[in-house]
Amino acid sequence: MRTTIKFNLLLAVIAVCAFIMTGCKKKATETKTNAVTTEERVTTTDGQVTNEEQPPSAEANESTYFMAIDRYLVEEIGKHYDKADHCVPFHSIVGVDESNADDILVWGDFWLFNYNQSGDTLKTASGGNYPGLMHLRQTESGFEVIAFEQVADGADNIPSAKKIFGDKFDALQAIQSDDQKREELRAEVLSKYVKDQKLEVTMYQDYGWPAKALP
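No experiment lies behind these values; they were computed from the predicted model shown.

Conventions we followed
Residues numbered from 1 in each chain as written. Predicted model: local features only at pLDDT ≥ 70, side-chain atom pairs only at ≥ 80, totals over all residues. Heavy atoms only, no water. Axes fitted to C-alpha atoms, helices over the stretch in contact; angles between N-to-C directions. Helix = DSSP H or I, 4+ residues; strand = E, 2+ residues; numbered from the N terminus. Parallel < 35°, antiparallel > 145°, perpendicular 65-115°, else oblique. Contact = heavy atoms within 4.5 Å. Phe/Tyr/Trp six-rings, centres within 6.5 Å; stacked < 30°, edge-to-face > 60°. Buried < 20%, exposed > 50% of the residue type's maximum accessible area, 1.4 Å probe, protein only. Lys NZ or Arg CZ within 6 Å of the ring centre and 35° of its normal.

Caption draft 1: Region of the structure containing the packing of helix 2 (residues 157-165) against helix 3 (residues 169-176). Contact geometry of helix 2 with helix 3 gives a least axis separation of 8 Å together with a crossing angle of 120 degrees. Relative to helix 3, helix 2 is oriented oblique. Contacts from Ile158, Ala161, Lys162 and Phe165 of helix 2 reach helix 3 at Phe169, Leu172 and Gln173.

Caption draft 2: Up close: the packing of aromatic side chains. The final tally for this structure, using the stated rule, is six aromatic pairs. Here the aromatic rings of Tyr65 and Phe143 are separated by 5.8 Å at their centres, their planes lie at 90 degrees, and the arrangement is edge-to-face. Taken together, the residues span a long stretch of sequence, with Tyr65 in the segment before helix 1 (66-77) and Phe143 in strand 4 (residues 143-150) at a distance of 78 residues. Residue classification places Tyr65 among the buried residues on the basis of a relative accessible area of 5%. Phe143 sits in the buried class, given a relative accessible area of 7%. Judged by centre distance (5.8 Å) and plane angle (85 degrees), the rings of Phe110 and Phe148 are edge-to-face. Of the two residues, Phe110 is situated in strand 2 (residues 104-118) and Phe148 in strand 4; the sequence distance between them amounts to 38 residues. Of the residues examined, Phe110 reaches a relative accessible area of 0% and is grouped as buried. Taken together through their ring pairs, the aromatic side chains of Tyr65, Phe66 and Phe143 make up a single cluster. Sitting over the face of the ring of Trp107, Lys168 holds its NZ or CZ atom 4.2 Å from the ring centroid. Sitting over the face of the ring of Phe113, Arg186 holds its NZ or CZ atom 5.7 Å from the ring centroid.

Spatial relationships are all this shows, so hold off on functional conclusions.
Shown next as structure tokens:
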């Protein structure tokens, strides 16, 4: 289910994986990202991934497919939003199937948020939630997203989510219902982003809500 936020939406941000992206000062289609992501994933025998991801480290590189997911969110999803100072995507991974290098499957609850900087505060401008299944393939230089099966909106939301996530549907619902982890992860993502981009920012703020200090 996509939740669009336009200056008047109470945010709930979702938990598990952090990303470092360059700002959206150009069009999303022109954005060059320097996303860096590391994940501490615990994979079960059925291929699901537990909710134990950590903020990225500077050493991560294109040996993982999460940078490609980052790029896709900014370039393909982000282009539908008005420009903002900073685009910060992140996601919660529900399951992974890496058995086929030409079609790596990553089920997740994907998010993209846009922020404008005002003094020492990042103010939410827009954003949305995009649960679904990313199809990726490995290339000589890294990875690329070749398709995205997105959960439908409205009346088709639950049926399409069940179809796309299958036996991972309950895990998706558990992740989406954990508001506290969402907000904690959001703050960690923004804090890491601010440090990597060397921004003079100490807080973030949603419209109509008090500013919060970054960790």
